[in-house]
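Inside the fold
Listed below, chain by chain, are the residues.
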Amino acid sequence: MSFDEVRVGDVCKLVNGKAFKPSDWSAAGQPIIRIQNLNDPSRPFNHWAGSLDRQVVVEPGDLLFAWSGTPGTSFGAHVWSGPHGVLNQHIFRVDFDNKVITREWWAAAVNARLNQLISLAHGGVGLKHVTRRMVDDLTIPLPPLDEQKRIAGILDEAARLCRLRTRALDTLNTLGQAIFHEMFGDPTHVRPEIPQQTLGELLEAIESGKSPRCLDRPASEGEAGVLKLSAVTSGRFLAEENKGYVGTTPLELRHQIHDGDLLFTRKNTMALVAAVALVRGVGDKVLFMPDLIFRLCPRANAPVRLQYLRYVLGHPAKRAQIQALAGGAAGSMPSISKAKLSSVSIALPPFEQQVKFEQRLLDLEGMESTAKRSLSQSNALFASLQHRAFRGEL
């Protein structure tokens, strides 16, 4: 059974939010709902203390559509679960007749066809934006109301399972630092019984790459790629965060990265500088360091295990100490020199304790692998249900 198709603009009205300048922000008043608040309830709000007469007011449960953002994250339809507030620019409030279409069906049907909108969108790689006309002209299936509710209920349950498994994986991703703290405590607290050495003493070299002119997209199969800072800034290595290189001058092989390399962002915003990640999952990709990332190369006989070094440098208190070493001219991004990084002292607990820590991390990685497989299966199930739903086969 197939469903009739309708234009989105024929079943709803899109109301755009207002542009708030920093001078409009207040410490109190109505929360200003921005794109960053759509996916992450923990993100802070700016507030508007003025009149609501000319503002787009949002209530809990309202349907919103982010028409500017990153596909796969904020871009698309969202049911607002936060507080009463006022809407910022780049987001539509979707006003619709619930005797014709349900909120859940509108969101599911539009999100199922986001790729059509993205193909028309303006903007470079990553950030995209569409116009009201593009959204209005999108067509979606429109079954009877009872059928909308039935199908949306099935899809919502499948989506809930995906969210639960995503949260479980997120929790596992934080356990490494918790295990480190349990075993070693705060690495910035000097303990006389624990020896210390500087990174200059522990490392054979601190290497950096080069930043050639690259494409504004990730490397395709068979192409070389140069890492972006975002490959490291989360604390987990993301091989897909690279830019393709197709220049005529070959990249230097000594700058190529491999599984097991320990990378460090030497230059970034103050909040993101001094991030560290251990390279995993390069596979057959050919990736190179830019000049904004260091590779830390421990000496062969250094009394430090690589995973311990990764976690001690990534500990929030230790990282804050290292970030304080960053300098730079006014208006430029803070950067950390090799000399300053070499001066950082590292506590060195017994080697066998570091090995035990590595083993616990291996056990944790096994749990993470299982959780990733479960999430992948849930996402595949949701995609299959969604495909069948909008073809009238569910």
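You'll find the structure just up there.
Residues numbered from 1 in each chain as written. Predicted model: local features only at pLDDT ≥ 70, side-chain atom pairs only at ≥ 80, totals over all residues. Heavy atoms only, no water.

The helix and strand tally for the chain stands at 10 helices and 21 strands. A principal-axis box enclosing the C-alpha atoms of the chain has dimensions of 70 × 50 × 50 Å. The buried share of the chain, taken over its 394 residues, is 42%. Of the contacts formed within the chain by residues at least 6 apart in sequence, a portion of 77% connects residues at least 24 apart. Just so you have it, the chain exposes about 20,100 Å², and 53% of that area is on carbon and sulfur atoms. Separation of charge centres in the chain, based on 46 positive and 40 negative side chains, amounts to 4 Å. (Helix = DSSP H or I, 4+ residues; strand = E, 2+ residues; numbered from the N terminus. Buried < 20%, exposed > 50% of the residue type's maximum accessible area, 1.4 Å probe, protein only. Contact = heavy atoms within 4.5 Å. Areas by Shrake-Rupley, 256 points an atom, 1.4 Å probe, with all protein chains shown as cover. Lys, Arg positive; Asp, Glu negative; His and termini not counted. Charge placed at Lys NZ, Arg CZ, Asp CG, Glu CD.)

Turning our attention to the environment of Phe 180. Assignment of secondary structure puts Phe 180 in helix α5 (residues 145-184). A C-alpha to C-alpha distance of 7.1 Å links Phe 180 and Tyr 311, two positions 131 residues apart in sequence. Residues in contact with Phe 180, not counting those within four places in the same chain, are Gly 185, Pro 187, Tyr 308, Tyr 311, Val 312, His 315 and Phe 357.

This brings us to unusual backbone geometry. Within the chain, His 90 stands out as a residue other than glycine whose phi angle is a positive 75°. For Ala 274, which is not glycine, the phi dihedral falls at a positive 70°.

Glancing now at the sheet that holds strand β19 (residues 286-288). If you trace the 3 strands from one edge of the open sheet to the other, you get β16-β15-β19, paired in mixed fashion. Two strands close off the open sheet at either side, each with one partner strand: β16 (242-245) and β19. The sheet shows a mean angle of 35° between the axes of neighbouring strands, direction not considered. Here strand β15 (residues 224-227) pairs with β16 via 4 bridges, running antiparallel. Across the sheet, residue Leu 227 finds its bridge partner in β16, namely Asn 242. (Pairing = 2+ DSSP bridges. Axes fitted to C-alpha atoms, helices over the stretch in contact; angles between N-to-C directions.)

Next up on the list: the pattern of salt bridges. Here the structure, examined in full by the defined rule, presents 20 salt bridges. For Arg 103, the salt bridge goes to Glu 104, with nearest N and O atoms at 2.6 Å. Since its relative accessible area comes to 27%, Arg 103 is described here as partly exposed. With a shortest N-O distance of 2.9 Å, Arg 236 and Glu 368 are connected by a salt bridge. With Arg 236 in the loop between β15 and β16 and Glu 368 in helix α10 (residues 351-389), the pair connects residues that are 132 residues apart, well separated along the chain. Classification of Glu 368 by relative accessible area gives buried; the value is 6%. A single network of salt bridges, built from pairs that share partners, joins Arg 7, Asp 10 and Asp 137. (Salt bridge = Lys/Arg side-chain N within 4 Å of Asp/Glu carboxyl O.)

Time to look at the sheet that holds strand β2 (residues 12-16). Read from one edge to the other, the open sheet built from 4 strands follows the order β2-β10-β6-β8, with strand pairing classed as antiparallel. Whereas interior strands pair on both sides, the edge strands pair on one side only; in this sheet they are β2 and β8 (76-79). Taking each pair of neighbouring strands and ignoring which way they run, the sheet shows an average axis angle of 30°.

This brings us to the packing of α5 against helix α7 (residues 306-314). Look at α5 against α7: their axes get within 10 Å of each other, and the N-to-C directions meet at 95°. With respect to each other, α5 and α7 are oriented roughly perpendicular. Residue-level inspection shows Gly 176, Gln 177, Phe 180 and Phe 184 of α5 in contact with α7, the latter providing Tyr 308, Tyr 311, Val 312 and Gly 314. When its residues are assigned to classes, the contact of α5 with α7 shows 5 nonpolar, 3 polar and no charged. (Parallel < 35°, antiparallel > 145°, perpendicular 65-115°, else oblique. Nonpolar A, V, L, I, M, F, W, Y, C, P; charged D, E, K, R; others polar.)

In contact at an axis separation of 9 Å, helix α2 (residues 103-112) and α5 are set at 60° when each is read in the N-to-C sense. Judged by the sense of rotation from one axis to the other, the crossing of α2 with α5 is left-handed. Of the residues in α5, those touching α2 at Glu 104, Trp 105 and Ala 108 are Gln 148, Ile 151, Ala 152 and Leu 155. Partitioned by chemical class, the residues of the contact of α2 with α5 number 5 nonpolar, 1 polar and 1 charged. (Left-handed = near helix turned anticlockwise from the far one by under 90°.)

What follows covers α7. Here α7 lies mainly inside the structure; 7 of its 9 residues are buried. Of the positions making up α7, those classed as buried are Gln 307, Tyr 308, Leu 309, Arg 310, Tyr 311, Val 312 and Leu 313.

This part covers the packing of aromatic side chains. By the definition in use, this model includes 14 aromatic pairs. Between Phe 3 and Trp 105, the ring centres sit 6.5 Å apart and the planes meet at 85°, which makes this aromatic pair edge-to-face. Linking Phe 3 in the segment before β1 (5-7) with Trp 105 in helix α2, this pair joins segments that are 102 residues apart in sequence. Positioned over the ring face of Trp 25 is Arg 34, at 5.9 Å from the centre of the ring. (Phe/Tyr/Trp six-rings, centres within 6.5 Å; stacked < 30°, edge-to-face > 60°. Lys NZ or Arg CZ within 6 Å of the ring centre and 35° of its normal.)

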